[in-house]
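# Geometric and topological summary
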Protein chains: 2
Amino acid sequence: MEKTYVFGHKSPDTDTITSSLVMTNLEHELGNTGAVACRLGNINKETEYILNYLDIEAPELIESVEDDASVILVDHNSPSESVANLENATIKKIVDHHKIAIQTSYPLYFRVEPVGCTETILFKMYKEFNVEVTKEIAALMLSAIISDTLLLKSPTTTDEDIQAVKDLAEIAEIDYETYGLDMLKAGTDLSSFSIDEILHLDAKQIDFKDVKSIVNQVNTASINDVLEMKDDLEAGINKIIEEEDLDLFMLLITDIINSNSQVLVLGKSASLVEKAYGVTLEDNTALLEGVVSRKKQVVPIMTENA
Amino acid sequence: MEKTYVFGHKSPDTDTITSSLVMTNLEHELGNTGAVACRLGNINKETEYILNYLDIEAPELIESVEDDASVILVDHNSPSESVANLENATIKKIVDHHKIAIQTSYPLYFRVEPVGCTETILFKMYKEFNVEVTKEIAALMLSAIISDTLLLKSPTTTDEDIQAVKDLAEIAEIDYETYGLDMLKAGTDLSSFSIDEILHLDAKQIDFKDVKSIVNQVNTASINDVLEMKDDLEAGINKIIEEEDLDLFMLLITDIINSNSQVLVLGKSASLVEKAYGVTLEDNTALLEGVVSRKKQVVPIMTENA
């Protein structure tokens, strides 16, 4: 059977990695035995914790796909977050929960819903196609929803995500609150990373109208611990701004316990953050109270004010 | 409850009109009582036949929506085919079967599948949401699938469309072959239209890369009957090309009995049709054998060759 590459976005997070595994399993169950779970970058600490806990192998690392390859995109639809040569591939399906950022010259299966996590949609699709959600698949789905919704506390959380977590915790036989907090904390361990690695961990290139930007997010249990590296982070950010010719770089340092973000902002359009949030940057930084979701609390507000 | 406008594309066809009715009913059943079925243009002869046959009122005609209005798009996603001020509205949902031609700054419910008709997707959604498909709703869905697939003969027809037609014919208690042919023939009656009206009946603005184009399609039981109006059609097309500053206008005259299209082509990029199909235009026209689907047999081939 023809190979179908199934992958999420660059700088993979837990939703991207688990969705590629869970979507691949769904494809297999539906008869597409050529589906292969792939990833476009390194596994982060949180995902590593999950895969170790569940004893599941990571998807295959790829850098590109051959021309005319069949691909399935999960957890992203923007070509800028996808495989390098996406324009030469044939996209068979997209399952995602982000804004629409792609155009195609052909119709395809494109399923986007405004929920907190791709896995919440995949869980529905398993039910629609009458495919069994095994204990292992349920644990993968559950982990991603906990990750994307910060244990159901992010404003991106919908009733469907909450119900899915309850149903999946039962199938997976996991106490989701204890497991979830352990998992999130594992993700905040930055000790083994260089500054440059931290700045690429969960970086997304997002243009707010004409303002060419990168928004990076790191979760932490203590904002102050991260701010101890502030000088080095700023030097690293300025290097990226120059290399990528950016107008703006935002580093969201998100406190997963108290649900706030400290933002570190550099670039010539830094004042856009002040305008968008009504804050004053002091030494390039400000506290954004209650802000934890890049998608819901950064992208639309920054775009509107750009 | 807040009003939600539910509408299909400009130059409405049967799928667009019935999908706005069927989607609105689904919204009502799911509790969104503010949903209102709308349309962006006049009802065509085929759809008129269907609505008369089923004794159903046409959706409300609108020209624009107020700023910040909630809208649901069916059977299209391209802003150029949508309501004039779409950029100021909030799109709640999209259900469609065309290529992806929109970008948003927010996530939404976006459901596109590569099937022959929007109603085939809506039929699945009714089942997924456990909403009853009444006899009347089934007849609307059935009519649209027959229309878009030319009685299951168009290359856009998928197994899902075929199965849906069988299931829906049973619920609707309609002999779909007899009804379908009557319905399609009703749609080919051009006698009451002016040349200008014919040229706008099912016209879509589609840009093949940089080639600004309109592709219009009329169904007929006799290509020669339509070609009798050739001189007047050409004059009308040249007027539209000038007014809209087009590079290309294609009028597909589609023989629904023999499944071919005669194409009438004007505009400075007319030779693109010759290149794309390996034909020679004589007096601006050529027979495209086996071509009946604008979406599957025109858009991708023209785009690839542009």
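Scroll up a little and you will see the structure.
Presented here is an overview of the structure given in this document.

Residues and elements named next belong to chain B. The terminal C-alpha atoms of helix α4 (residues 135-148) lie 20 Å apart, and with 14 residues this matches the ideal 20 Å at 1.5 Å per residue to within 8%. Among the 14 residues of α4, twelve are classified as buried, and the element is accordingly described as predominantly covered. Among all positions in α4, only I137, A138, A139, L140, M141, L142, S143, A144, I145, I146, S147 and D148 are buried. Of the surrounding elements, those touching the buried residues of α4 are α1 (14-29), α2 (45-54), α3 (118-128), α5 (159-172) and α6 (176-187). Of the residues flanking the end of α4, it is L150, one or two places downstream, whose phi is positive at about 45 degrees.

What follows deals with the packing of aromatic side chains. Using the criterion set out here, one finds five aromatic pairs over all chains in the structure. Ring geometry for Y49(A) and Y53(A): centres 6.2 Å apart, planes at 20 degrees, overall stacked. Taken together, the residues span about one helical turn, with Y49(A) and Y53(A) both in helix α2 (residues 45-54) at a distance of four residues. When its relative accessible area of 47% is taken as the criterion, Y53(A) is described as partly exposed. The interplanar angle of 50 degrees and the centroid separation of 4.9 Å between the aromatic rings of Y53(A) and Y179(A) together place this pair among those described as tilted. Pair noted here: Y53(A) is in helix α2 and Y179(A) is in helix α6 (residues 176-187), with a separation of 126 residues, a long-range link. When its relative accessible area of 4% is taken as the criterion, Y179(A) is described as buried. Chaining the aromatic ring pairs together yields one cluster made of Y49(A), Y53(A) and Y179(A). The aromatic ring of F193(A) is capped on one face by K45(A), whose charged end is 5.6 Å from the ring centroid. Directly above the aromatic system of Y109(B) lies the positively charged group of K93(B), at a separation of 5.7 Å from the ring centroid.

All names here are of chain A. If you trace the backbone, S261 turns up in strand β10 (residues 260-266). In this structure the side chain of S261 is engaged in a polar contact, spanning 2.8 Å, whose partner is the side chain of T254. Not counting residues up to four positions away in its chain, the partners in contact with S261 are L252, I253, T254, A286, L287, L288, V291 and V292.

Aligned on chain B, chain A shows an RMSD of 0.1 Å; the corresponding rotation is 180 degrees and the shift along the axis is 0.0 Å. Taken together, the rotation and translation describe the operation of a two-fold axis. When each C-alpha of chain A is compared by its distance to the rotation axis, R111(A) comes out closest, at 2.4 Å. Both copies share a contact surface, since 100% of the interface residues of chain A are interface residues in chain B too.

Parameters and conventions
Residues numbered from 1 in each chain as written. Chains lettered and ligands numbered in written order. Predicted model: local features only at pLDDT ≥ 70, side-chain atom pairs only at ≥ 80, totals over all residues. Heavy atoms only, no water. Helix = DSSP H or I, 4+ residues; strand = E, 2+ residues; numbered from the N terminus. Expected span 1.5 Å × (residues − 1). Buried < 20%, exposed > 50% of the residue type's maximum accessible area, 1.4 Å probe, protein only. Contact = heavy atoms within 4.5 Å. Phe/Tyr/Trp six-rings, centres within 6.5 Å; stacked < 30°, edge-to-face > 60°. Lys NZ or Arg CZ within 6 Å of the ring centre and 35° of its normal. Polar contact = N/O pair within 3.5 Å; in protein donor to acceptor, adjacent residues only side chain to side chain. Least-squares fit on C-alpha atoms with pLDDT ≥ 70 in both.

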